[in-house]
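Observations on the model geometry
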Amino acid sequence: RKEVEQDPGPFNVPEGATVAFNCTYSNSASQSFFWYRQDCRKEPKLLMSVYSSGNEDGRFTAQLNRASQYISLLIRDSKLSDSATYLCVVIVSSGSARQLTFGSGTQLTVLP
Amino acid sequence: EAEVAQSPRYKITEKSQAVAFWCDPISGHATLYWYRQILGQGPELLVQFQDESVVDDSQLPKDRFSAERLKGVDSTLKIQPAELGDSAMYLCASSLVGVLGETQYFGPGTRLLVL
């Protein structure tokens, strides 16, 4: 089993749709969680951190469920510009070392 | 806005040759990471530096890969000899750990093609 697994995708949704991605992690000692966005042939860019209390940034909402060991990303009112690959990142810290594990990404295409 | 710089942006080499990638992190960022991303997959951590010290290189194939950050600022990742399977994008990231946690900033990457 992979340490971090994401919905395989691809997700093709119409403009205005709501779409949700999940990401599960296997290490219960994981401490920090993030969602990154990666456009084709570009570097990943931080989208948002994920907290136990959940956090929202405009049309984007991220949730963490420690009991079930998954994080989610919800995108409301999808825009064409949301088309990208969404990567979840899980971090386990040990002293000064931080073990970062990326999921393989979920590809989203928003259609006009 | 400050950015992580990487060079070259693209590199084509033949197998068995040596290649080197350079990364200049955002000023003041003590932590620097090198990742490898194969097409269709997420980035895979190769090595993490804290200032000039390696804190995690457990995923670095040390028979052919080496990384250094001599003065705790910029860093070089080297592959010698390159193999066909090394074709990938090599990403550098730097981060600052603050009160709200750590945020990583990625450079544009170096695309390596080994022929």
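All of the points below concern the structure found in this document. (Residues numbered from 1 in each chain as written. Chains lettered and ligands numbered in written order. Predicted model: local features only at pLDDT ≥ 70, side-chain atom pairs only at ≥ 80, totals over all residues. Heavy atoms only, no water.)

Notes on the overall build of chain B
In terms of regular secondary structure, chain B is built from zero helices and eleven strands. In terms of C-alpha radius of gyration, chain B reaches 14 Å, essentially the compact-globule figure of 13 Å for 115 residues. Dimensions of chain B, computed from the C-alpha atoms along their principal axes, are close to 45 × 25 × 20 Å. Counting across all 115 residues of chain B, residues that qualify as buried make up 44%. (Helix = DSSP H or I, 4+ residues; strand = E, 2+ residues; numbered from the N terminus. Rg over C-alpha atoms; globule rule 2.2 N^0.38 Å. Buried < 20%, exposed > 50% of the residue type's maximum accessible area, 1.4 Å probe, protein only.)

Let's talk about the state of the cysteines
For the structure shown, the criterion picks out two disulfides over all chains. Across a sulfur-sulfur distance of 1.9 Å, Cys-23 of chain A and Cys-88 of chain A are joined as a disulfide pair. Across the S-S bond linking Cys-23 of chain A and Cys-88 of chain A, the dihedral sits near 55 degrees, which makes this disulfide right-handed. One end of the pair, Cys-23 of chain A, is in strand β3 (residues 19-25); the other, Cys-88 of chain A, is in strand β9 (residues 84-94), with 65 residues separating them in the sequence. Across the pair, exposure class does not vary: Cys-23 of chain A and Cys-88 of chain A are buried alike. Across the disulfide, Cys-23 of chain B is cross-linked to Cys-92 of chain B (sulfur-sulfur distance 1.9 Å). With the S-S bond torsion at -65 degrees, the cross-link from Cys-23 of chain B to Cys-92 of chain B turns out left-handed. With Cys-23 of chain B in strand β3 (residues 19-24) and Cys-92 of chain B in strand β9 (residues 88-98), this residue pair connects regions lying 69 residues apart in the sequence. Just as Cys-23 of chain B is buried, Cys-92 of chain B falls in that class too. (Disulfide = S-S within 2.5 Å.)

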